[in-house]
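Fold and geometry: a report
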Amino acid sequence: MADITSEASERSSRQVWRTAIGAAVALAIILTAPFYLDTYMTNVLIRALFLGVLALTVDLVWGYAGILTFGQSAFFGIGAYACALVFTHWGFGPGWAIAALLIGVLVAALTAWLVGLLSFYHGASPLYSSIMTLALPIVLVQIIFAGGRFTGSSSGLSGFPTYYWSIDTWFIIAGVLLVLVASVAWLFVRSDYGRILVAIRENEDRCAYLGIPVSRIKTGLFVACGAVGAIAGFGYAAFTNVVAPELGGFLLGTESLIWVALGGRGTLIGPILGAIGIDVTSSYLSGSLPFLWKFIVGVAFVVVIIVLPNGFASLATSGWRRYRMRGVEAGDVRHGPGITLVSTSGRRADAVDPTVAPIRIDGLTCRYGSLTVLDGITVEGRAGQLLSIVGPNGAGKTTLMRCISNGTERTGGQVAVAGHEIGRNSPQKIVGLGVGRSFQNTSLFDSLTVGDCLRLARFRIDGARSFVRSGTVALPEPALEILKATGLDQQLGLESRYLSHGMKRGLELAMVLATEPRVLLLDEPTAGLTKPERTAIGHVLTRLVAEYGLCVFLIEHDLDFVREISDRIVVLHQGKLLLDGTVDEVVSSDLVKAVYAGQDLEAAS
Amino acid sequence: MATLFLDILTTASMLFIVAAGLMIILGVMKLINFAHGAFLTVGGYAVHVVTDAGYNAWLTIPAAAAVGFLLGVVVERLVVRPLYSRPLDAILATWGLGIVIAQVIVFIFGREVQFAASPISGTAELLATTYSAWRLILVGAAVILGVLLTALLYLTRFGLNARAVIMNEDLARGLGIDSVRVRAMTFGLGAALACAAGALITPLLSVDPNMGLPWLVNSFMLVLVSGVAIPGLALASLLLGGAQVLVSTFVSPIIGGITIVVLAAVILRIKPQGLSRG
Amino acid sequence: MSALAKTESVAARLAVEGLSSGYSAATVIRDVSFSIARGEILVILGKNGMGKSTLLKTIMGFLRATSGSIRLDGQEIANQPPHLNARRSLAYTPQEYAIFQDLTVEENLRLGVARDGLLDERMGDVEAAFPVIARRFRQRAGTLSGGEQKMLLLSRSLVARPKLMLVDEISEGLQPSMVTKMAEVLRRTKDKDGVAILLVEQNLPFALSVADRYAILKIGEIVEQGDVDQADALATLEQHLRI
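Residues numbered from 1 in each chain as written. Chains lettered and ligands numbered in written order. Predicted model: local features only at pLDDT ≥ 70, side-chain atom pairs only at ≥ 80, totals over all residues.

1. Some remarks on the packing of helix α8 (residues 192–202) of chain A against helix α18 (residues 450–457) of chain A
Residues and elements named next belong to chain A. Contact geometry for α8 and α18: axes closest at 10 Å, N-to-C directions at 95°. For the element pair α8 / α18, the angle class is roughly perpendicular. Here Asp192, Arg195, Ile196 and Ala199 of α8 lie close against α18, whose contacting residues are Asp452, Arg455 and Leu456. For the contact of α8 with α18, the class distribution of residues is three nonpolar, no polar and four charged. (Axes fitted to C-alpha atoms, helices over the stretch in contact; angles between N-to-C directions. Helix = DSSP H or I, 4+ residues; strand = E, 2+ residues; numbered from the N terminus. Parallel < 35°, antiparallel > 145°, perpendicular 65-115°, else oblique. Contact = placed C-beta atoms within 7 Å. Nonpolar A, V, L, I, M, F, W, Y, C, P; charged D, E, K, R; others polar.)

2. Considerations on the sheet that holds strand β14 (residues 576–581) of chain A
Residues and elements named next belong to chain A. If you walk across this open sheet you meet the six strands as β9-β11-β12-β6-β13-β14, and the pairing is mixed. Looking at strand neighbours, the two that pair on one side only are β9 (435–438) and β14, the edges of this open sheet. Averaged over all pairs of adjacent strands, the angle between strand axes in this sheet comes to 15°, irrespective of strand direction. Both strand β6 (residues 385–390) and strand β12 (residues 551–555) contribute to a ladder of five bridges, which runs parallel. Within the sheet, the bridge partner assigned to Gln385 lies in β12 and is Cys551. Sheet contacts for helix α16 (residues 397–405): β6, β9, β11 (519–523), β12 and β13 (568–573); angle to β11, the most-contacted strand, approximately 145°. Of the strands in this sheet, β9 and β11 are in contact with helix α21 (residues 501–514), which crosses β9 at around 170°. (Pairing = 2+ DSSP bridges.)

3. Let's talk about the nonpolar core
Counting residues in hydrophobic clusters, the biggest one holds 358 residues, and the most contacted among them are Ala510(A), Val552(A), Ile17(B), Cys195(B), Leu222(B) and Leu199(C). Among the elements that take part in this core, helix α1 (residues 2–29) of chain B stands out by supplying 16 residues, more than any other. Once residues within four sequence positions are removed from consideration, Leu199(C) is found in contact with Ile41(C), Leu42(C), Val43(C), Ile44(C), Val167(C), Ala207(C), Val210(C) and Ala211(C). (Core = buried A, V, L, I, M, F, W, Y, C linked by C-beta atoms within 7 Å. Buried ≥ 20, exposed ≤ 12 C-beta atoms within 10 Å, placed from the backbone.)

4. Re the interface of chain B and chain A
At the interface, 28 residues of chain B touch 27 residues of chain A. Only α4 (87–109), α9 (213–226) and α11 (253–270) of chain B provide two or more residues apiece to the side of chain B that touches chain A. It is α4(B) that contributes the most residues to the side of chain B that touches chain A, 12 residues altogether. The residue inventory of the side of chain B that touches chain A, partitioned by class, reads 22 nonpolar, four polar and two charged.

5. Quick word on the sheet that holds strand β8 (residues 420–421) of chain A
Residue and element names in this part refer to chain A. Pairing in this open sheet of four strands is antiparallel, and the strands run β5-β4-β7-β8 from one edge to the other. Where the open sheet ends on each side, the last strands, each with one partner, are β5 (371–381) and β8. The sheet contact formed by strand β4 (residues 359–368) and β5 spans seven bridges and is antiparallel. Bridge pairing in β5 places Tyr368 opposite Leu371. Against the sheet, α16 touches β4, β5 and β7 (412–417), its axis set at about 65° to β5.

6. Let's talk about the pairing of β9(A)
Residues and elements named next belong to chain A. Side chains of β9 alternate between two faces, with Val435 and Arg437 and Gly436 and Ser438 buried alike. Inspection of the sheet shows β9 paired to β11 by four bridges, in the parallel sense. The residue bridging Gly436 from the neighbouring strand is Leu520, located in β11.

7. A few points about the domain arrangement of chain A
Residue and element names in this part refer to chain A. Partitioning chain A into structural domains gives domain 1 (2–248) and domain 2 (381–405 + 424–604). Every contact between the two is made by 26 residues of domain 1 and, on the other side, 30 residues of domain 2. Looking at the side of domain 1 that touches domain 2, the elements with two or more residues in it are α1 (2–36), α7 (167–190), α8 and α9 (204–208). The biggest single contributor to the side of domain 1 that touches domain 2 is α8, with seven residues. (Domains from an automatic or database assignment.)

8. Considering the packing of helix α20 (residues 477–486) of chain A against helix α22 (residues 531–548) of chain A
All names here are of chain A. Remark: α20 packs on α22, axes separated minimally by 11 Å, with the N-to-C direction vectors making an angle of 160°. Compared by their axis directions, α20 and α22 come out roughly antiparallel. The two elements α20 and α22 cross, and the hand of that crossing is right-handed. Side by side, α20 and α22 meet where Glu477, Pro478, Glu481, Ile482 and Ala485 of the first sit next to Ala536, Val540, Arg543, Leu544 and Tyr548 of the second. (Left-handed = near helix turned anticlockwise from the far one by under 90°.)

9. Side note on the confidence of the model for chain A
Residues and elements named next belong to chain A. Confidence along chain A averages 85 in pLDDT terms, with 92% of residues attaining 70 or more. Mean pLDDT in chain A bottoms out at helix α26 (residues 601–604), which sits at 37, and peaks at helix α10 (residues 214–240), which reaches 94. Considering only residues more than four positions removed or in separate chains, one finds that residues 599–605, a stretch of pLDDT under 50, has nine contacts. (pLDDT = per-residue confidence, 0-100.)

10. Focus on the environment of Glu184(C)
Residue and element names in this part refer to chain C. Take Glu184: it is sitting in helix α8 (residues 176–193). Under the C-beta neighbour-count criterion, Glu184 is labelled partly exposed, with 13 such atoms within 10 Å. Each C-alpha atom, one on Glu184 and one on Thr58, is 28 Å from the other, the two residues being 126 residues apart in sequence.

11. Focus: helix α7 (residues 146–159) of chain C
The periodicity of an α-helix, 3.6 residues per turn, causes residues three or four places apart in sequence to face the same way. Residues and elements named next belong to chain C. In this model, α7 (14 residues) spans 20 Å end to end at C-alpha, consistent with the 20 Å of a helix rising 1.5 Å per residue. Summarising burial for α7: 10 of the 14 residues are buried, a large majority. Lys150, Met151, Leu152, Leu153, Leu154, Ser155, Arg156, Ser157, Leu158 and Val159 are the residues of α7 that are buried. Buried-residue contacts for α7 involve β6 (90–93), α4 (105–110), α5 (116–129), α6 (131–135), β7 (164–168) and α8. Within two residues after α7, Arg161 carries a phi angle of roughly 40°, on the positive side. (Expected span 1.5 Å × (residues − 1).)

12. Brief notes about the environment of Leu85(A)
All names here are of chain A. Structurally, the position occupied by Leu85 is in helix α3 (residues 72–89). Given 21 C-beta atoms within 10 Å, Leu85 falls into the buried group. Along the sequence, Leu85 and Thr151 sit 66 residues apart, while their C-alpha atoms lie 7.0 Å from each other.

Following this line, the structure appears as structure tokens:
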């Protein structure tokens, strides 16, 4: 145990050191640059450096978390206007400067929080979230226009008192800010939280069903990026001594997206270089070929989106990858940094009250318009029991699982998990009550490794580190068993896109078990598996129930499989519960035979 | 009072005409075409070109539509089709395209603002007030457009195919409908409508390389609120356009400018599927 | 299994050989081979999740065949886009979301034919088979009862006058009288027009009443094939399909 933790902390401190060294090198470049750059270039670069910070925030929100945001510029503008307004109308001095900065940051954070509340709720479509980020700068600019003399309206404010330091000093300030923000961001995206962002981007729904508070994380990120954007805007305004509504507008917002797309979304360095490169080149060409340059950028943007979606940085990273793999044989697949599995006893073991049913469903009804999919389903699950739900197509089996795992789905009836009502809770909260659900399709997280996926599943219980990558994952025994049975424990560093279908099923099951559920809902877990894989999963499920006392609800069509491993079978037909009994009772029931033969209920009985 | 009523009616008509092209593209292709503003601009410049060459001003509208259709079909093939599986990226790509088109226009025509002659100028007497004649024509144009689109959708085989693709693309394909071609034709039609709309509104505004931009966001919001249905769009145009006019008149023109955006955001939060009965 | 398929392949309307396909990483059907002659009904039996719908979707072109061939009247059609297959006279009735709920009965039927004019000519077929559908011409399809919607489905395939019909669980949820009617219509169609019909079913009595031959699909593979008339057919089927 001591070895594992010391190895983990060694790796994370190595990470921090590497980042620190990178930052130091960058700082060295910043400090020496003014000596060999001419005044014009320095001037242009200072502005570009501040914009680079903006590009960084856009990359975090869009490149990493997948939220297409047109409005990061709004926060930039808020910071800029905070500077200009305070200095113009109230006062100037170190105290005022700090106050103005704080005002800018607070207003930006508050705005970001409000927008987050409105746009990132569970079930919001990505298009809607983008619209809200689009509306933000438009509304902001109009508010600025409406401010009349106070805000300078369309002409903006200029000539307000500011720190007239030398260009070299400003260069160092801007450079240090960028390096600082970039270093923190770099550590952040390489940490556990960084993996969570990627997971949210790739499969938000699945994250919710692992108990990850997606809305809260998105809003938190948005607020943080808004605050940082405001700081950059503040610096920009203080340096250039001019603010105009364009600084917070839609056009700057879309330009920032262009920088990130061309530079390479999700790489941090790419967007920074993209922003600096394009901004500097624009300044130089704005005199001679302004329209040709914009044309070139526009065409490059369109081409990159279609052909090279990960930007120019992807050319660099694939080159780097090929360089790193040069000694390795062909066919050897990518392995990420390894992690170690650790066993944990699980927190639920003691808290289980044997008299309370792990799950109790009472009169559950689900209606879509005039269509009644489930009608008054009442069933109780017991610990240490595997209950199979069978029935012809359209009987309502998957709907039943959906209504259990998502409090907003059902129309009527109660569902209580270990005595707690699920009410109208979202999936993420119900996972917290102890419900784990697996899905018919195996969409996991393509670019995350097996180890990352498992750590993701432990978020609700173990949390996540913000600036380092954990070297270990603590898993309960059932999950560890599955990993061993499928051989996944030897493949912890493999990206999940390379897993076979059977292994993906195994990983999914391990992830769900990692959340330490009381009740396990499995939707057709054997679909697409070969005969030996089915047998293996059957053994695993039987063990889970017998050894660990889980309560398992299983939807299956393979009736031989159902007969072998179930303790109880529940038959659904046209939304009603037809029969709830032992395997023998159900198999010998004439009613059930008739239902499966497709005959009408009345005719059969 | 009558002026206010006419303002609302004509503003709603303008909004309807401008947003119609965007809506059919969203309906059939599930895509927001961010080059829409650029197509509006192209339509405006088409008017400029046609009238400069000495042709009848009424020809500008069909000319703009024809140019728009060709441009739309080309754009769909080159830019939109490769991004079918990446809708958010498609939004970005069409935005980039809009920038490119704007720059091409600047190359050819320069940055200066042009003025386009309208086929009918001057004013007319209506409801005891004097009102811009062209604005009144627009009301008629909006009604005709609504009728024509409805006829296309409900009375032609293409319309039936398009509706089938909107409702269930896989089922449509299984019945022999080439959904790729339907989408290409729809994009062409949407672009044609956008250019025609640009041609229709230029007499009221000036023609410059960025004229389409303010209309882009408003039409975008309207289309989402409309629930992708022609009656829904008409309703949205009246309600939101009316709100914009009222706010501009009684509060401030600047706040009026964001009325549509704010109202639409609120409506969509409450009712994500918009104002249609669906 | 394959011998039966091979002798028929020259004259067969549909000849499937060694077909495998599935979704992303999962292989759902494996090495499936069978054939259907003109004027013949073959029923694919099997419980849910065994790959029946996947088979139909692969033949129609919605799913990629990873190996094998599909021949219609000798011409290879594997991995062709669905709309081309539809135009080649394959009529596919899916199990779910098979009609346009918001379109009228007439519009749904119109979508079954290539040109509107053809519908007028062929309405006679619909009137003969399902008079109630002809009566509900202008009604929104979503307002029809479940049974009537299935009738509409089959009517749409009838007016297409296809060479091959792919029918996915049409008897599901229908009353016994309705099921009998369906069987009648299917048999009449294949006798009159020489249509080959590939039927996917779970309902054993219905399958036996309508099909000429059967094949059982189990975990993506065909485990049994035979003629429905054979003496031991019923016993074989019951053995494979018991709960």
